[in-house]
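# Chain and residue survey
Given next are the chains, with one letter for each unit.
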Amino acid sequence: MAFVNDNYCNLKDSYLFSQIAQKVNAYVAEHPEKKVIRMGIGDVTLPLAPAVIDAMQKAVAEMGVKETFRGYGPEQGYDFLHEAIVKYYAGFGVTLASDEIFISDGAKSDCGNITDIFSNANTILIPDPVYPVYLDTNIMCGRKIVYMDGKPENNFLPMPDDSVKADIIYLCSPNNPTGAVYTKEQLEAWVAYALKNDAVILYDAAYEAFVDDPAIPRSIFVVEDARKCAIELCSLSKTAGFTGTRCGYTVVPHALVRKTESGKELELNKMWLRRQTTKFNGVPYIIQRGAEAVFSEQGQKECREMLAFYKENARIMAEGLRRKGIKFYGGTHSPYIWLQCPQGMSSWEFFDFLLEKLAVVGTPGAGFGAMGEGYFRLSAFGSRENTIEAMERIEKEL
Ligand code: MLT
């Protein structure tokens, strides 16, 4: 008899964004005449940058010619892309070796897959509210999970508590869902905690490109000792509109070494390489050429224009909420606005209200954890026209 994984019984029935998609599809089927505006899942709407398209078209042509055709590539990514990322990090003062970078099909996959190299005996420290992937992937492994509360009193930026013992810590800055950003001093405190506890920080930097202020870290590796205790997960989804194109990268420094339960010291970089070469065949060459172009001078210019467009959406949304006297967080170094549900509504009540009455879709804060109850996330990744229209509907009806 084949037994299945018991831990799946401890998961909610469906993944947050699938649950929302089901509700929205049901609404659309019932009200085909309504124009539904989607500000729920953080999916981009602007097309890929011309520099990226050019690079991918060239790569497509190469694939059609015998001399330049490529089959299997290196599982951890091509050197040309590693080198482009090394230069990108050097731009904000971080030195990486190219073999510390692993190219993947996105941060979500790596976030789930990285659990492979850690023992299930670890205690996991997870902020609440949080991107649900951190929690669900660890529930799947049956690990002990402890929470740290994000709340207005700490600006949704939980800090280390020496009385809490944890082995693996998830941090996300700029934060999904709250848009909050850690300062360098706050990251130094986390690094100090991790080193003291021999813990590992899994640092999700998927929204780093939204940071405007040079004083705010775009990578945990601006903290020197982070190399001994952190893995960084990053993505081109939001930076360059790759949500459908799929490319991300994970940085595993050579200095990161931990013991197995039997006491053997292992380098996590080597473990991740072993894991990836065994279970993954790499990102397509065409996509990696497109990703390389993101980091070129022209690609950066074009991507920054896209980010500025989404940030302007966030500013329009923030203004509307201010006019209504609705308290909110984020929206500055982030594409997300995290607002307090008006009129004392719960997050799902507010979700239903927005969908049923205004045909606007957002994400209920409670879907990101118990501390998200009473809050709601709106995404700035829509078109300008839809963003303005959604805010007009909200301002008129609330
Ligand atoms: C979100 O809406 O939180 C993100 O788009 C989800 C993701 O990046 O997987």
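All chains use their own residue numbering, which begins from 1 and follows the written sequence. In view of the model being predicted, local features appear only for residues whose pLDDT reaches at least 70, and side-chain atom pairs are presented and counted only at 80 or more, with totals across whole chains, interfaces and linings using the full set of residues.

Across the 5 residues of strand S15 (residues 375-379), 5 count as buried, placing the element largely inside the fold. Alternating residues of S15 divide into Tyr 375, Arg 377 and Ser 379 and Phe 376 and Leu 378, and every residue in both groups is buried. Paired strands, in this sense, are two strands between which DSSP finds at least two bridges. Here a helix means four or more residues in a row that DSSP labels H or I, a strand means two or more in a row labelled E, and each is numbered from the N terminus. In the sheet, strand S12 (residues 336-340) pairs with S15 via 5 bridges, with the strands oriented antiparallel. Bridged to Leu 339 within S15 is Phe 376. The exposure label follows from counting other C-beta atoms within 10 Å of a residue's C-beta, where the C-beta atoms are placed from the backbone and the thresholds are 20 or more for buried and 12 or fewer for exposed, leaving partly exposed in between.

For the rest of this paragraph, the subject is the site of the ligand. Around the ligand, a shell composed of Ile 41, Gly 42, Lys 108, Tyr 131, Asn 176 and Ser 237 is seen. Tallied by class, residues from the shell around the ligand come to 2 nonpolar, 3 polar and 1 charged. Contact assignment follows one rule, namely that a residue is near a molecule or strand if its backbone-placed C-beta atom lies within 6 Å of it. Residues are grouped as follows: Ala, Val, Leu, Ile, Met, Phe, Trp, Tyr, Cys and Pro are nonpolar; Asp, Glu, Lys and Arg are charged; every other residue, Gly included, is polar.

In this section: helix H2 (residues 50-63). Multiplying 1.5 Å by the residue count of a helix minus one yields the expected span of that helix. Under the 1.5 Å per step criterion, the end-to-end length of H2 is 20 Å for 14 residues, consistent within 8% with the ideal 20 Å. Inspection of H2 places Ala 51, Val 52, Ala 55, Met 56 and Ala 59 among the buried residues, and these make up the whole buried set. On an axial view of H2, the arc spanned by its buried residues comes to 130°, and they lie on one face. The exposed set on the far side of H2, more than 90 degrees from its buried face, consists of Pro 50, Val 60 and Ala 61. The inward-facing, buried residues of H2 contact helix H7 (237-240), helix H9 (285-294) and helix H10 (297-323). Relevant arc is that of directions from the helix axis to the C-beta atoms, nothing else. Two residues qualify as a contact pair if the distance between their C-beta atoms, derived from the backbone, is within 7 Å.

Mapped onto this numbering, the UniProt entry annotates "domain: Aminotransferase class I/classII large" (unreviewed entry) at residues 34-394. Annotation note: span residues 34-394, helix share 36%, strand share 17%, distance between end C-alpha atoms 16 Å. UniProt positions are given in the numbering used here, feature names are shortened, and annotations may be inferred rather than shown by experiment.

Time to look at the nonpolar core. Note on soluble globular proteins: their nonpolar side chains tend to be buried together. Take the buried Ala, Val, Leu, Ile, Met, Phe, Trp, Tyr and Cys residues, join any whose C-beta atoms are within 7 Å, and the set you get is a nonpolar core. Ranked by internal contacts, the top residues of the largest apolar core, which has 113 residues, are Ile 169, Ile 201, Ile 231 and Ile 337. Boundaries of every domain are those given by an automatic assignment or by a domain database. Split by domain, this core shows at least three residues from each of two domains, domain 1 (14-43 + 298-397) and domain 2 (50-295). Here Ile 201 is in contact with Ile 169, Leu 171, Trp 190, Ala 194, Ile 220, Cys 229 and Ala 230, once residues within four sequence places are set aside.

As a further point, take the domain arrangement of the protein. For the protein, the assigned domains read domain 1 (14-43 + 298-397) and domain 2 (50-295). Measuring from the centre of the C-alpha atoms in domain 1 to the corresponding centre in domain 2 gives 26 Å. Contact residues are listed per partner, giving 29 residues for domain 1 and 34 residues for domain 2. Counting residues per element, the ones that place at least two in the side of domain 1 that touches domain 2 are H10, strand S11 (328-330) and S12. In terms of residues, the side of domain 1 that touches domain 2 owes the most to one element, H10, which gives 7 residues. Taken together, the residues of the side of domain 1 that touches domain 2 sort by class into 13 nonpolar, 13 polar and 3 charged.

Now for the sheet that holds strand S14 (residues 363-364). Strand order across the open sheet formed by 4 strands is S11-S12-S15-S14, with antiparallel pairing between neighbours. Each edge of the sheet is formed by a strand with only one pairing partner; in this case those strands are S11 and S14. Contacts from H10 reach S11, S12 and S15, with the element oriented near 15° to S12. The axes are straight lines fitted to the C-alpha atoms, using for helices just the contacting stretch, and the angles between their N-to-C directions are given from 0 to 180°.

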